[in-house]
Each structure stands twice: as C-alpha cells, then as structure tokens.
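Report on the structure
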Amino acid sequence: MQKEHLIMSMSEQVFEQSVIIGSKSGLHARPASIIVQKAKEFPCQIDFIKAAKTVNAKSLLAVLTLGAENGDQIIIRANGEKADQALAALVPLLEENLG
Amino acid sequence: MKTLQGIPAVTGIALGVAHVIKPLAPITAATQRTCEEEIARLTAALNSGKAQLATLQATMTGETAEIIATQHEILDDPELYEQSLALIQTGISAEAAVTQVIDQFAQQLASLPDPYLAARADDARAAGRRIIAELQGITQSLQFQEDVILIAQDLSPAEVAERDLSHVQAIVTEEGAATGHLAIVAQGWGIPTIVGMAGIMASIENGQTLVVDGEYGTVTIDPDEATRTVTHTRLAHLQQQQKEALQYRDRPGMTADRVPVAVLANIGSLADARKAVEMGAEGVGLFRTEFLAANGIPSEDAQVAYYTEIAKVMPLPITIRTFDIGGDKPVPGLNIPPEGNPFLGWRGIRLGLDRPEEILLPQLRAILRAATVGNFQIMLPMVVAPQEATQTRALLDQALSQLEREGKPARRVLLGIMVETPAAALTLDHFRGLIDFASIGTNDLVQYTFAVDRTNPRVQARAQPLGLATLRLLAQISNSGIPISICGQLAADPQAIPLLVGLGIRKLSVAPASIPKVKQLLASQTLEEMQAKIWQALRA
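So, a few notes on the structure that sits alongside this text.

1. Here we look at the overall build of chain A
Of regular secondary structure, chain A possesses four helices and four strands. Element order for chain A, N to C, with α for helix and β for strand: α-β-α-β-β-α-β-α. Looking at the 99 residues of chain A, the share that counts as buried comes to 46%. Look at the contacts in chain A between residues 6 or more apart in sequence, and 71% of them connect residues 24 or more apart. For chain A, the accessible area works out to roughly 5000 Å², and carbon and sulfur atoms hold 51% of it.

Pasting the structure below:
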C-alpha cells in the first residue's frame, strides 16, 4: 500500500490551465452535465477554480454552484493519473459553446 | 361506489385509473443500524434510483428528458456520495445525511444570481426526495405509459414540473387550497384538479377506477355502470365544447357587436407564459411572482434575468404583481412570524413597504431594469389605502434615481393596484392621480366581503361571488374613473363575464387554458344584452 502510494506520487503531475467558458448560457445543467461526464472518464483528481472557489469537476452539484457564466474565466487543475489527457479533453469542451 | 368531496380547483371531468403517490415518512437522524448498514442502504438506494432514471430517460424527449438526465447525474454525484458517507460516519441515518448534503447544495444554488442556475436548487431537492423515497422503499413514477389520475398528499411545483403530464387526466390531493401553487399550475394546463380532499389517501389504492369531477370537487370511487355512462356522455360533450372554443383562440376578444374586450393571461412561470402565447393571450394581466420566491427572495439580477426571459416569450404588455407573500406561504430567509390569521396579516404590500430594502425595492428596481426590454407594468397586492400607493411611488422614484446614478438602464412603468379588499373597492376614486390602473382580484375580494375563508370547505358555500354585495362593490369600482381589469376566477366564469363587461370592464385576465372559452363566450352576446343583465342583477 505504502509503496504504491509512493510510486503514484512520483508519477503525479499537476496540470493547470485557464479557460474562458464558451457556452452561451454558462455552465448550466446541460453543458455542465456533458463536462462532468467527461471528467468522470479520468482517474485523476480534477478541480475547477473560479475566483476563490474550488470544486470537484466530477460533481454536477458542485460545478453548478460555481455559477460560471459565458465569458467567465475558470482554472482547470488535474492532478494524478492521466492528468494531461484529462486537461486535453476538458479544455476544448469548456471553451466550446455547448448551449 | 363511494363519493368523496374536496375543494374544486380546476374544472373538468376525468374517468380513469388511480395512481397514488405515497408520501415520504418523516426523517429522523437517529438510527439503530450500524454505519456500514446505513452506507449499504445509501449505495443500494442510489443504484436503484439511477437504474430507474436510466430506463426512463431512454423513453423521453425534450425538456422532461433533460430534467431526468440532470436527476440521474445528481444521483451519480461523487460529492453527494462522499459528503453523505462522512455524515453517516458521525452516526446519523442515511436519510438525514442525504437531506443535509442536498440542503447545503440547494441553498448555495438558490443564492446564485443566474435564475436558471438558482432553479437547479429545485432539481437538487427533487433528487433528494427521490433518494429518500428509495431509502424508504417507495417508488416514484414520473412518466406514465397510460392515462392516470394522480392522487397525492400534496404536490409541489417542482414535483409537477419533473413529471410528464401528457398522460395525467386529473389530479386529486389530500391537502392544498384552491388558490395554492398546484391549483394554479394545473389551471394553466387545463388539468381537472381537486385539492383538500380529506381521506383520499386512505380511501384509494393504485389501479382503482375513479370519476373525478373538477367542477363540483367530487371523486367517485369504483363508479357503477350508470355513473360511467353519464360520465362518458359528459366527457364527449366537454371535448366537443373545447374543440369549438379553440376556433376563437387566435381572434381578438370582442362582444357579438364587436366591442373589444381584451382577454389576457394569468401566469406564474415561463412555462405559463409559453402556454399563454399558445392559447392566444392578448397580454398578461397578472404575473404572480411568488413562485420565484419559493426558495427565498431572488436577487435583483436574478429577477431582471427572469422577467427578461418572460418578456422574450410574451411581447405584449405584462402586469407584474409584486411579491404577495405572507404568513400562509413561508419564504425561506424572511422569518415572517406565524400568524393566527395570515389572510388578514402582514402580507403583500404591507410586508413589502415595511421591509423595503429586502423585498420591495430590489423587485421594483428589477422590473424597471427589465422594462427596457419588455412591456411591463407594476401592480401592488393587498392595498387598502391611497398612502400605500404614494409610498410605493416614492420607492419607485428612489429606485429610478439609484439606477440612473449607477448607470443601469431603466424605464419608468405604469403603476396599478389589486382591488381585493372592500376598503380599496369602496375608496378607489381616492386613488385617482396616484395609480394608472386597477385590477380586481375577485377571489380575495369575495373572501373579505363575505368573511369566508376561501381555504375552509365548511364555509365555502356562504360566499357568493355573484351575490348583490359583490356586484355592488364591482359597480362602485367601475365608477372610479380608473381603468379596470379583472384577474380573479370570476373573469373566466360564464355567468360573470356578461355582468363584468356590462359594467364597463374591458380587460379579463384568466388561466391560459381558459382563454379560447372566454373569447367564445364574449362573442356570443352583444354589449347591450350584457348591460341589461347587470342592471337587472343590480336591481334585484
């Protein structure tokens, strides 16, 4: 257990990027659902950060509480296994107009 | 065969099969089970709920499908699960844990400025109820393959919204008042509804055949052959009538001799606004804003956004009634003390003027801002004296100068009052110069005139909506020199319409589903015939 954890942290890398919300209606139920579902495909910890608030990107309820609107800037941060791939998949979705 | 009596809320008849929505048991935090057992219960409830929703989602389209998809996503939410687990580990029940977590999220969502996101608080609460129902072994049906008559303890607007109403023939609830939220929503959709039917939950089981008579407020359980035959005949007759009325939908309202009488809609939500447009409304005569405040007074920005959305759907004039909130409809965060007699209590404009910074001023500012996009006018509820209009005018001026200083675009709008107290009815001429229009709320006016609590079925028959007392008040109101419209239930009553038009009233505001019928009735008589009716009634 201890050993596994060590190996994990060695391979762990934090990826972070700032994005502008592209959905016309902001992170509403439907765009948020699409993004949350995508986030769930990755094993790493993924957070969205807006102003001082950090939420779990795999939680619809938490993502909705960000109240992120079209044109708002948020930071996406992925930490752990496949963090780079998570970022590569989520950034375009956040920037796209999903409705 | 057995017949039960309730309070008629939406007229119409249905013959069909009962679907009983079992109420949730009260939630207690204390539990006899171990943490592990509670966690296992929660996991099982979430899985079962998700499985049901997935099946349902596959068969649905449009808005309902989206509501269901959101519900599914919430049941699958890792934060909801993790936070509930942490709470269960403090020794409380799964039900209490889920309720706490959902409440926290719902409160955060409700406080967001964006009205769509704020409305997701209802989605969160609906998901919470679903999980609790699963934990208690109750299955909630949201969609029906065949026609059903819904029987419930009570239904909140959210519980109605998440259901597919296309197969709902009628709604009967044990609790509720004729003027409650459910009644108003069902009226907009034209679904026969009876509320306040004591004993219905204990008397009916799933699958029993019922006749629901929304006109008289009766439910007949296991009707005999004769009753069924009569009901079939009445149904066929009603359907024929509806078909005929629909031909009047897109014409402007007018009497047989072509005197224009505008037929407007009473709405409470965006869905109602769409229905109003679909049914041929010539504007909105009453936009009840209380629904917006179901989870607390929304922020000014949230109100601006919501009013703007309504205006986009309905380009014609919209009369917004300021929050008619009181002790009978508790609003979270307002701390209105419970009252022995909330209908005579601290409500409507009284509450708004006494607590302007929290309630009235943000709403006035929001309406003035939204008026740059929509054709809005403001109407005040529960007015008894001219100084209430004067005070509101001062607040309006204050709001306008504030907005100008802040550089926020706004537009001055017309101001009117509801005439729903005998005091306002008898002294309306003293409001001249202070208000631009008045609208008669007949439900409350009748209740206050006859001293009959409209939520109490025992005394209901003593109120006479078309009694001489009401007619004399209506005559007095129509002589005030102020433009008058009507937005109570009388405006859709075939007996009342000729009397109202005969008195000179040229605007009737009714539930969206009633609009074609009202236009049809108007077109059946000349103004002269209507005037003769009211003079005869007043001489009586």
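Let's pick the thread back up.
2. Notes on the interface of chain B and chain A
Taken residue by residue, the interface counts 18 residues in chain B and 20 residues in chain A. Among the residues chain B hides against chain A, the three largest losses belong to B:Glu73, B:Phe105 and B:Leu117. Together they make up 31% of the total. Across the contact surface, chain B and chain A share two salt bridges. Between A:Lys40 and B:Asp76 there is a salt bridge; the shortest N-O distance is 2.8 Å. At the surface where chain B touches chain A, the tally comes to eight residue pairs in polar contact (both at pLDDT 80 or more). Mapped by element, the contributors of at least two residues to the side of chain B that touches chain A are helix H2 (62-75), helix H3 (78-88), helix H4 (94-110) and helix H5 (115-135) of chain B.

3. Topic: the side chain of B:Glu73
Relative to the elements of secondary structure, B:Glu73 occurs in helix H2. If we skip the residues at most four places from it in the chain, B:Glu73 touches A:Ser33, A:Val36, A:Gln37, A:Lys40 and A:Leu60.

4. Details of the packing of helix H16 (residues 442-450) of chain B against helix H17 (residues 468-478) of chain B
All names here are of chain B. Here H16 crosses H17 at 120°, and the two axes come no closer than 10 Å. Comparing their axes, H17 and H16 come out oblique. Relative to H17, the crossing made by H16 is right-handed. Along the contact surface, H16 presents Leu-445, Val-446, Thr-449 and Phe-450, while H17 presents Ala-469, Thr-470, Leu-473 and Ile-477.

Reading the values: the criteria
- Residues numbered from 1 in each chain as written.
- Chains lettered and ligands numbered in written order.
- Predicted model: local features only at pLDDT ≥ 70, side-chain atom pairs only at ≥ 80, totals over all residues.
- Heavy atoms only, no water.
- Helix = DSSP H or I, 4+ residues; strand = E, 2+ residues; numbered from the N terminus.
- Buried < 20%, exposed > 50% of the residue type's maximum accessible area, 1.4 Å probe, protein only.
- Contact = heavy atoms within 4.5 Å.
- Areas by Shrake-Rupley, 256 points an atom, 1.4 Å probe, with all protein chains shown as cover.
- Buried area = accessible area lost by both parts, 1.4 Å probe.
- Salt bridge = Lys/Arg side-chain N within 4 Å of Asp/Glu carboxyl O.
- Polar contact = N/O pair within 3.5 Å; in protein donor to acceptor, adjacent residues only side chain to side chain.
- Axes fitted to C-alpha atoms, helices over the stretch in contact; angles between N-to-C directions.
- Parallel < 35°, antiparallel > 145°, perpendicular 65-115°, else oblique.
- Left-handed = near helix turned anticlockwise from the far one by under 90°.

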